[in-house]
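# Residue-level structural notes
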Amino acid sequence: MADDPNGSIKKAHAKTNLYFWPCDGDVTQASRWQESNCTLARLLANHRRVLGKAISVAVEIRRGIDDLVPSMAALCHRTCRFCPEPCCISNTVWFDLRDLLLFHLLKDPIPVGQAVSEPGVPCPFLSHNGCRLPPRIRPWMCFQYICPTQRAVLKKRGRPMETALLGMIKKIDKTRIRMEAEVIRRIKRRIRTSPSSSPASSG
Ligand code: SF4
Ligand code: SF4
């Protein structure tokens, strides 16, 4: 994980040991978001014993993202500085459940609020210097999105490069689905087989 740029990661919830990555922007509904994340953290902590495989899949995703970051950064360096309509303003992005599962399983800091904004309103994590979030805790959709300008650049660079980059994205995408399915399957199974959920022990 990259260093905290402000040196001020705060401990937001002692019981869950959850840290929220700070942000000076206008992050709406942050307290509700943080409460929801604490609930998710408690749920995963209660079932962590059966989530070993899901954690391994999360590590696989993390490696994939780490490998992807330099290529995406190079592409953005080439295209984004002169962009007349930056996607961090024109698109609506958000953290989805798979993003959150990844951060929680790997015990990453959690972004201080949801990224969502109205179309045409800048993402709350956008600053004059670009994204305030370290790449590892950005919404996956920010990586997944290759805009038309970037596609054109990739095409110019030749099919092997385009295929390699799109292949990496597709692979991570599939692995995210696998991670989510694994978490849900394990937790469901554990709840079904837990003694407290059997009819004999109820009432
Ligand atoms: S990814 Fe494309 S649309 Fe987004 S800021 Fe860069 S050049 Fe603009
Ligand atoms: S999280 Fe960062 S990269 Fe994604 S839309 Fe917001 S500012 Fe842009």
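Up top is the structure.
Residues numbered from 1 in each chain as written. Chains lettered and ligands numbered in written order. Predicted model: local features only at pLDDT ≥ 70, side-chain atom pairs only at ≥ 80, totals over all residues.

Turning our attention to the overall build of the protein chain. A tally of regular secondary structure across the protein chain gives seven helices and five strands. When the helices and strands of the protein chain are listed from N to C terminus, the series reads β-β-α-α-α-α-β-β-β-α-α-α. When burial is assessed residue by residue, the protein chain has 22% of its 203 residues classed as buried. Relative to all contacts within the protein chain whose residues are 6 or more apart in sequence, the contacts with residues 24 or more apart total 76%. (Helix = DSSP H or I, 4+ residues; strand = E, 2+ residues; numbered from the N terminus. Buried ≥ 20, exposed ≤ 12 C-beta atoms within 10 Å, placed from the backbone. Contact = placed C-beta atoms within 7 Å.)

Quick look at the site of ligand 1 now. Residues in contact with ligand 1, as listed here, are Cys76, Thr79, Cys80, Cys83, Pro86, Cys87, Cys147, Thr149 and Gln150. A class-by-class count of the residues in the shell around ligand 1 yields six nonpolar, three polar and no charged. (Near = placed C-beta within 6 Å. Nonpolar A, V, L, I, M, F, W, Y, C, P; charged D, E, K, R; others polar.)

With that out of the way, let us pick up the packing of helix α1 (residues 30-47) against helix α4 (residues 97-105). Interaxial distance between α1 and α4 falls to 11 Å at its minimum, and their mutual angle equals 60°. Classified by the angle between their axes, α1 and α4 sit oblique to one another. At the point where α1 passes α4, the crossing takes the right-handed sense. Contact residues: Asn37, Leu40, Ala41 and Leu44 in α1; Leu100, His104 and Leu105 in α4. (Axes fitted to C-alpha atoms, helices over the stretch in contact; angles between N-to-C directions. Parallel < 35°, antiparallel > 145°, perpendicular 65-115°, else oblique. Left-handed = near helix turned anticlockwise from the far one by under 90°.)

This part takes up the packing of helix α2 (residues 52-79) against helix α6 (residues 148-157). Following both chains from N to C, one finds α2 and α6 inclined at 110°, their axes separated by 10 Å at the closest point. When the axis of α2 is compared with that of α6, the two are roughly perpendicular. Residues Leu75, Arg78 and Thr79 of α2 form the contact with α6, whose own contacting residues are Thr149, Gln150 and Val153. Of the residues contributing to the contact of α2 with α6, the split by class is two nonpolar, three polar and one charged.

If you check the shell around ligand 2, you find Cys88, Val93, Ala115, Cys123, Phe125, Leu126, Cys131, Leu133, Arg138, Pro139 and Cys142 and nothing else. For the shell around ligand 2, a count of residues per class yields ten nonpolar, no polar and one charged.

With 28 residues, α2 extends 40 Å from end C-alpha to end C-alpha; this agrees with the ideal 40 Å at 1.5 Å per step. Within α2 the residues assigned to the buried category are Ala54, Val57, Ala58, Ile61, Ile65, Met72 and Leu75. Contacts from the buried residues of α2 go to α4, α5 (140-144), α6 and α7 (159-193). (Expected span 1.5 Å × (residues − 1).)

Counting 27 residues, the largest nonpolar core has Ala54, Ala58, Ile61, Leu102, Leu105 and Met179 as its most contacted members. For this core, the elements supplying multiple residues, two or more each, are β2 (18-21), α1, α2, α4 and α7. For this core, the element with the highest residue contribution is α2, accounting for five residues. (Core = buried A, V, L, I, M, F, W, Y, C linked by C-beta atoms within 7 Å.)

With respect to the helices, strands and loops of the structure, Leu106 is situated in the loop between α4 and β3 (110-111). Not counting chain neighbours up to four residues away, the residues in contact with Leu106 comprise Ala58 and Arg62.

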